[in-house]
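Spelled out from the first residue to the last, the chains are:
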Amino acid sequence: MFMTRFRLNTARRDGRALLGSPHRMHAAVAMAFPELPVRDGSGPRVLWRVDRNSAAEVVLFVVSPTRPDLTHLVEQAGWPAASDTPGWQTYDYGAFLARLSVGSTWTFRLTANPVHSIRRTDDEQRKRTAHLTARHQKAWLLERQATSGFAVVEKPPETRLLEYGDELQLVLRDKRDLRFAKAAERRTVSLTSITYDGRLTVTDPDALRRTLTQGLGKAKAYGCGLMTLAPVG
């Protein structure tokens, strides 16, 4: 497994175009691999996420079973003449994943598409619908933590700002309502993404490794589902 970091040049028109369309970004990421792994849930897949840390720092992360070649992205949306480096950094992710152990604590970031299925009548077919409130978006993640191999860390009581609703080291931010065209299928896709920042404890390393390499939730092709970990600072 590999993790790749690529900084997008938002001053370039093609860079802004990629950021404005998850469908285009998905295609650009797919072009980095001669052959994509089968997406049947049986093993690791290509996952990606865009982190907008500031107006000047927008970073694309890609996790993949094979090493990508992002030359085309450098030409489209990078700084091809800025340095002698290839324009992206790829790391051995498998070695990191192998070190995960029960009880270890990490900070995490996840951009996800929290949805549920509803129907208004017994005869109506179920429809996938986004969770729109922070309470339900948080509940969506907490409902999946046990089977995903982690537990969100609780705050010490003395650090909580509210009596209820502030029990966890978890922040929800950067809610985005995305709407973009899929020209080949002549249809428009709508989805809601939310970024979760927090701290977790590993409860099941194997399950967490699956989460980190297969993604969490829906809309993985469109920049959702990738969770990343970092040491607690």
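Look above for the structure.
Here the structure is a predicted model, which is why all the values come from computation and not from measurement.

## Brief notes about the sheet that holds strand β2 (residues 47–52)
Moving on, step 1. Read from one edge of the open sheet, four strands run β2-β3-β1-β4, paired in antiparallel fashion. Because the sheet does not close on itself, it has two edges, and the strands there are β2 and β4 (89–92). Direction aside, neighbouring strands of the sheet carry axes that sit 20° apart on average.
Moving on, step 2. Relative to strand β3 (residues 58–64), β2 runs antiparallel, the two sharing six bridges. In the strand pairing of β3, Val50 is matched with Leu60.
Moving on, step 3. Sheet strands touched by helix α2 (residues 22–30): β1 (2–8), β2 and β3. Its angle to β2, the strand with the most contacts, is close to 125°.

## Side note on the pairing of strand β5 (residues 105–112)
Moving on, step 1. Counting buried positions along β5 gives six out of eight residues, so the element sits mostly inside the fold.
Moving on, step 2. Bridge analysis of β5 against strand β10 (residues 187–202) gives eight bridges, and the strand direction is antiparallel. From the neighbouring strand, Ala112 faces β10, where its bridge partner is Ile194.
Moving on, step 3. Both β5 and strand β11 (residues 227–231) contribute to a ladder of five bridges, which runs antiparallel. Paired with Thr107 across the bridge in β11 is Ala230.

## Here's the deal with the nonpolar core
Moving on, step 1. Core analysis: the biggest nonpolar cluster contains 29 residues, and Phe108, Leu141, Tyr196, Met227 and Leu229 have the highest contact counts within it.
Moving on, step 2. At the level of elements, β3, α4 (93–98), β5, α5 (134–148), β8 (150–152), β10, α6 (205–214) and β11 are the ones that each hand at least two residues to this core.
Moving on, step 3. Residues contacting Phe108, with those up to four places away along its chain left out, are Leu141, Val152, Leu170, Tyr196, Asp197, Gly198, Arg199, Leu200, Met227, Thr228 and Leu229.
Moving on, step 4. Membership of the second largest hydrophobic core comes to 19 residues, among which are Leu8, Ala32, Leu73 and Trp88.

## Some remarks on the side chain of His131
Moving on, step 1. Tracing the backbone through its elements, the reader meets His131 in the loop between β7 (127–130) and α5.
Moving on, step 2. For His131, a relative accessible area of 12% puts it in the buried group.
Moving on, step 3. Sequence-distant contacts of His131, defined by excluding residues within four places in its chain, comprise Pro114, Val115, His116, His136, Gln137 and Trp140.

## Focus: the environment of Leu168
Moving on, step 1. Inspection of the secondary structure assignment puts Leu168 in the loop between β8 and β9 (170–182).
Moving on, step 2. Here Leu168 falls in the buried class, since its relative accessible area comes to 16%.
Moving on, step 3. Leu168 sits 14 residues away from Glu154 along the chain, and the two C-alpha atoms are 4.2 Å apart.
Moving on, step 4. For Leu168, the contacting residues outside a window of four places in its chain are Leu142, Val152, Val153, Glu154 and Lys155.

## A few points about α2
Moving on, step 1. Those residues of α2 not exposed but buried are Pro22, Met25, Ala28 and Val29. Buried residues of α2 fall within an arc of 120° about the axis and therefore sit on the same side.

## What about the pattern of salt bridges?
Moving on, step 1. Overall, the coordinates contain 11 salt bridges when judged by the stated rule.
Moving on, step 2. Salt-bridge contacts for Asp174 lead to Arg176; the nearest nitrogen and oxygen are separated by 3.1 Å.
Moving on, step 3. Its relative accessible area of 26% is what places Asp174 among the partly exposed residues.
Moving on, step 4. The residue Asp206 makes a salt bridge to Arg209 at a minimum N-O spacing of 2.8 Å. Highlighted residues: Asp206 and Arg209, both in helix α6, separated by three residues, approximately one helical turn.
Moving on, step 5. Given the relative accessible area of 45%, Asp206 is considered partly exposed.
Moving on, step 6. The class for Arg209 is partly exposed, based on a relative accessible area of 22%.
Moving on, step 7. Counted as one network, the salt bridges with shared partners bring together Arg49, Asp51, Arg109, Arg173 and Asp197.

## What about the packing of aromatic side chains?
Moving on, step 1. This model, assessed by the stated rule, comprises four aromatic pairs.
Moving on, step 2. Measuring from ring centre to ring centre gives 5.8 Å for Tyr93 and Phe96, while their planes differ by 10°; the resulting arrangement is stacked. One end of the pair, Tyr93, and the other, Phe96, are both in helix α4, three residues apart, so they sit about a helical turn from each other.
Moving on, step 3. Their ring planes at 80° and their centres at 5.2 Å tell us that Phe96 and Trp106 sit as a pair that is edge-to-face.

What counts and what doesn't
Residues numbered from 1 in each chain as written. Predicted model: local features only at pLDDT ≥ 70, side-chain atom pairs only at ≥ 80, totals over all residues. Heavy atoms only, no water. Pairing = 2+ DSSP bridges. Helix = DSSP H or I, 4+ residues; strand = E, 2+ residues; numbered from the N terminus. Axes fitted to C-alpha atoms, helices over the stretch in contact; angles between N-to-C directions. Contact = heavy atoms within 4.5 Å. Buried < 20%, exposed > 50% of the residue type's maximum accessible area, 1.4 Å probe, protein only. Core = buried A, V, L, I, M, F, W, Y, C linked by side-chain atoms within 4.5 Å. Arc of directions from axis to C-beta. Salt bridge = Lys/Arg side-chain N within 4 Å of Asp/Glu carboxyl O. Phe/Tyr/Trp six-rings, centres within 6.5 Å; stacked < 30°, edge-to-face > 60°.

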